[in-house]
Amino acid sequence: MTTENSADDPRFLWRGDFTNAELNALHAECFEHAVLDDDWRKQVSNFSLGWVCLRLQENLAGFVNVAWDGGVHAFLLDTMVSAPWRRRGYARRLVEEAVANARHSGCEWLHVDFEPHLRDFYFEACKFVPTVAGLIRLR
């Protein structure tokens, strides 16, 4: 279920291609840390149901990872859109594509956790519902 448009339009690609370098750069920008040398290809290949890449003018401008328990639960991680492209609905569309593909893959639940400033985005724009959950900080 990949959404592809003309070359000038945003492309939302389920299991889209990316390089480790471009995803490391996007993650560093969006989460405000130094650029790392993580092997994202290996990580998502081993632990994810899929992921969605946002391509604008052929550049990686957004990404969301759909981690998976191997059963009916999937988990959104690392939703990100590059600063010049924010506030245009692209993050919501990344999540919508992730939801559609998780559903199509047979998952029954899609979980997400987030920082308080993202509450309206996930609850209002993306239609997640609040739940009671627990968390232990390990480091």
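Reading the values: rules and limits
- Residues numbered from 1 in each chain as written.
- Predicted model: local features only at pLDDT ≥ 70, side-chain atom pairs only at ≥ 80, totals over all residues.
- Heavy atoms only, no water.
- Helix = DSSP H or I, 4+ residues; strand = E, 2+ residues; numbered from the N terminus.
- Rg over C-alpha atoms; globule rule 2.2 N^0.38 Å.
- Buried < 20%, exposed > 50% of the residue type's maximum accessible area, 1.4 Å probe, protein only.
- Contact = heavy atoms within 4.5 Å.
- Areas by Shrake-Rupley, 256 points an atom, 1.4 Å probe, with all protein chains shown as cover.
- Core = buried A, V, L, I, M, F, W, Y, C linked by side-chain atoms within 4.5 Å.

## Topic: the overall build of the protein chain
Phase 1 of the analysis: Scanning the protein chain for helices and strands turns up four helices and five strands.
Phase 2 of the analysis: The order of helices and strands in the protein chain, counted from the N terminus, is β-α-α-β-β-β-α-β-α.
Phase 3 of the analysis: For 139 residues, the compact-globule estimate of 2.2 N^0.38 gives 14 Å, and the C-alpha radius of gyration of the protein chain, at 15 Å, lies within 12% of that figure.
Phase 4 of the analysis: A buried classification covers 37% of the 139 residues belonging to the protein chain.
Phase 5 of the analysis: Residue pairs in contact within the protein chain that sit at least 24 positions apart in sequence constitute 56% of those at least 6 positions apart.
Phase 6 of the analysis: In the structure as shown, the protein chain presents an accessible area of about 8,900 Å², 51% of it carried by carbon and sulfur atoms.

## Concerning the nonpolar core
Phase 1 of the analysis: Val52, Leu54, Val66, Leu76, Leu94 and Phe128 are the most contacted members of the largest nonpolar core, which has 23 residues in total.
Phase 2 of the analysis: Among the secondary structure elements, those contributing two or more residues to this core are β1 (11–14), β2 (48–56), β3 (59–68), β4 (73–81), α3 (90–104) and α4 (119–125).
Phase 3 of the analysis: Here this core takes five residues from α3, the largest share from any one element.
Phase 4 of the analysis: Beyond its immediate chain neighbours, meaning those up to four positions away, leucine 94 contacts Phe12, Val52, Cys53, Leu54, Gly62, Phe63, Val64, Met80 and Val81.

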